[in-house]
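Results of the structural survey
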Amino acid sequence: MAIRPILIIPDARLRAVADPIVEVDEEIKTLAKDMLDTMYDAPGIGLAAPQIGVMKRIVVMDLAAEGETPTPLVMINPEITKFGDEIQVTEEGCLSIPELYYEVERPSTVTVKYTDLDGKEVTKDADGKLAVCIQHELDHLDGVLYIDYLSRLKRDRVIKKFDKQAKLAAR
Ligand code: GNR
Ligand code: NI
């Protein structure tokens, strides 16, 4: 059990592009376990490796409700191969932008292709909250944050708030 610190904006690692994983070895299995531990502890429904400063293309998720049996999902080198035509609006938050929630528009359905912890290729169709979470997590692997989809006014306000906090913390 290892809970790793979650990076907060404006940490530059949250804006970088993560590297593909070449082999699903013990180091990756330990990383996945640590990411799940960190996500459940937070608590959150998803976590991408760059959020703990590891610049690798791996995300974890669990959409099970509190009190339900956990359903951990680990996706290595995930890619969205299809976005549906319908759009849904849901409220999003991010552990790297704590305590703020904004409505975001995204495609309602996606098809995602990834490698699982056994090194097997998996293709999965998702809708609802899982589709949102997949898109949110995969964006993290490319340095994209959900606030990038807000109006410039809202986005700049969020960025300013966290820039100020970082400056205060560095004094
Ligand atoms: O815990 C999280 N909740 C959440 C709610 C709505 C849409 C996306 C998310 S992901 C977020 C955890 C996180 O920051 N993952 O990167
Ligand atoms: Ni996030």
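Numbering of residues begins from 1 in every chain and follows the order in which that chain's sequence is written. To label them, take the chains in the order written and letter them from A, then take the ligands in the order written and number them from 1. Residue-level local features of this predicted model are given only where pLDDT is at least 70; pairs of side-chain atoms are given and counted only at 80 or more, and the full residue set underlies all totals for whole chains, interfaces and linings. Heavy atoms throughout the structure, all of them, feed into the side-chain values; hydrogens and water do not.

1. Remarks on the overall build of the protein
Which entries qualify depends on this criterion: Working definition: helices are DSSP H or I runs of at least four residues, strands are E runs of at least two. Numbering for both runs from the N terminus. Just to be clear, the radius of gyration here is over C-alpha atoms, and the globule rule we use is 2.2 Å times residues to the power 0.38. Between buried and exposed lies partly exposed: a residue is buried under 20% and exposed over 50% of the maximum accessible area for its type, with that area taken using a 1.4 Å probe on protein chains only. Contacts: residue pairs with any heavy atoms within 4.5 Å of one another. Each accessible area is a Shrake-Rupley estimate made with a 1.4 Å probe; only the visible protein chains count as cover when residues are assessed. In this tally Asp and Glu are treated as negative and Lys and Arg as positive; neither His nor the chain ends contributes. To locate a charge, the coordinates of NZ of Lys, CZ of Arg, CG of Asp or CD of Glu are taken.
In terms of helices and strands, the protein carries three helices and seven strands. Order of helices (α) and strands (β) in the protein, N terminus to C terminus: α-β-β-β-β-β-β-β-α-α. Relative to the 2.2 N^0.38 estimate, which gives 16 Å for 171 residues, the radius of gyration of the protein is 16 Å and therefore close to what a compact globule would have. Along the longest, intermediate and shortest principal axes, the C-alpha atoms of the protein span 45 × 40 × 35 Å. Counting the 171 residues in the protein, one finds 41% classified as buried. Sequence separation of 24 or more characterises 65% of the internal contacts of the protein that already satisfy a separation of 6 or more. Working note: accessible area of the protein is about 9,700 Å², and carbon and sulfur atoms make up 51% of it. Between the mean site of the 22 positive side-chain charges and the mean site of the 31 negative ones, the protein shows a separation of 8 Å.

2. Digging into the pattern of salt bridges
Using the following cut-off: Counted as salt bridges are all cases of a side-chain nitrogen of Lys or Arg within 4 Å of a carboxyl oxygen of Asp or Glu.
Enumeration over the complete set of coordinates arrives at 10 salt bridges. One salt bridge in this structure joins Arg-4 and Asp-34, with 2.9 Å as the shortest N-O distance. In this pair, Arg-4 sits in the segment before α1 (26-41) while Asp-34 sits in helix α1, placing the two residues 30 residues apart along the sequence. The salt bridge partner of Arg-106 is Asp-139, with a shortest N-O separation of 3.1 Å.

3. Focus on helix α2 (residues 128-141)
Within α2, 12 of the 14 residues are buried, which leaves the element mostly enclosed by the surrounding structure. If you check which residues of α2 are buried, you get Leu-130, Ala-131, Val-132, Cys-133, Ile-134, Gln-135, His-136, Glu-137, Leu-138, Asp-139, His-140 and Leu-141. Looking one or two places after α2, you find Gly-143, whose phi comes out positive at around 75°.

4. Here's the deal with the site of ligand 1
Operational definition: Proximity is defined per residue: any heavy atom of the residue falling within 4 Å of a molecule or strand makes that residue near it. Nitrogen and oxygen atoms within 3.5 Å of one another constitute a polar contact, given that in protein one can donate a hydrogen and the other can accept it, and given that sequence-neighbouring residues count only through two side-chain atoms. Residues are grouped as follows: Ala, Val, Leu, Ile, Met, Phe, Trp, Tyr, Cys and Pro are nonpolar; Asp, Glu, Lys and Arg are charged; every other residue, Gly included, is polar.
The full set close to ligand 1 counts 13 residues, and Ile-45, Gln-51, Leu-95, Glu-137 and His-140 are the nearest of them. Between ligand 1 and Gly-46, the relevant distance is 3.2 Å, taken from a nitrogen atom to a main-chain nitrogen or oxygen of the residue. Between an oxygen atom of ligand 1 and a main-chain N or O atom of Leu-95, the distance comes to 2.8 Å. Coverage of ligand 1 by the protein amounts to 91% of the 380 Å² it exposes when considered alone. At the level of elements, β4 (87-94) and α2 are the ones that each hand at least two residues to the shell around ligand 1. Here the shell around ligand 1 is composed, by residue class, of four nonpolar, six polar and three charged.

5. Re the coordination of the nickel ion (ligand 2)
Quick reminder of the rule: Only nitrogen, oxygen and sulfur atoms qualify as donors, and only when within 2.8 Å of the metal (3.2 Å in the case of Na, K and Ca); with water excluded, sites may look incomplete.
For the nickel ion (ligand 2), the protein coordination sphere consists of Cys-94 (SG), His-136 (NE2) and His-140 (NE2), at 2.1 to 2.4 Å. Mapping the donors of the nickel ion (ligand 2) onto the primary sequence yields the spacing C-x41-H-x3-H. Residue Cys-94 is found in strand β4, and its partner His-140 is found in helix α2; the two are separated by 46 residues along the sequence. A relative accessible area of 2% places His-140 in the buried class.

6. Observations regarding the packing of aromatic side chains
Operational definition: Classification of ring pairs rests on two measures: the distance between centres of Phe, Tyr or Trp rings, Trp counted by its six-membered ring, which must be within 6.5 Å, and the angle between planes, read as stacked under 30 degrees, edge-to-face over 60 and tilted in between. Sitting over a ring, as applied to charges here, requires NZ of Lys or CZ of Arg to be within 6 Å of the ring centre and within 35 degrees of the ring normal.
This structure, assessed with the given rule, holds zero aromatic pairs. A cation over a ring is seen here: Lys-161 above Phe-162, with NZ or CZ 5.5 Å from the ring centre.

7. Looking at the nonpolar core
Side chains of a nonpolar character, in soluble globular proteins, are inclined to be buried together. What counts is decided by this rule: As used here, the term nonpolar core means buried Ala, Val, Leu, Ile, Met, Phe, Trp, Tyr and Cys residues forming a set that is joined through side-chain atoms within 4.5 Å.
With 16 residues, the main nonpolar core has Val-59, Met-61, Met-75 and Ile-134 as its most contacted residues. Residue assignment for this core shows that the elements contributing at least two residues are β2 (58-61), β3 (73-83), β6 (109-115) and α2. A total of six residues in this core trace back to one element, the largest contributor, which is α2. Beyond its immediate stretch of four places on either side in the chain, Met-61 contacts Leu-36, Met-39, Ile-45, Gly-46, Thr-71, Pro-72, Leu-73, Met-75, Leu-130, Cys-133, Ile-134 and Glu-137. Listed in part, the 15 residues of the second largest apolar core include Ala-49, Ile-52, Val-54 and Ile-76.

8. As for the state of the cysteines
As a reminder of what qualifies: Defined by distance alone, a disulfide is two cysteine sulfur atoms within 2.5 Å.
Taken as a whole and assessed by the stated rule, the structure comprises zero disulfides. Cys-94 supplies the cysteine sulfur nearest to Cys-133, a cysteine that is in no disulfide, at a spacing of 10 Å.

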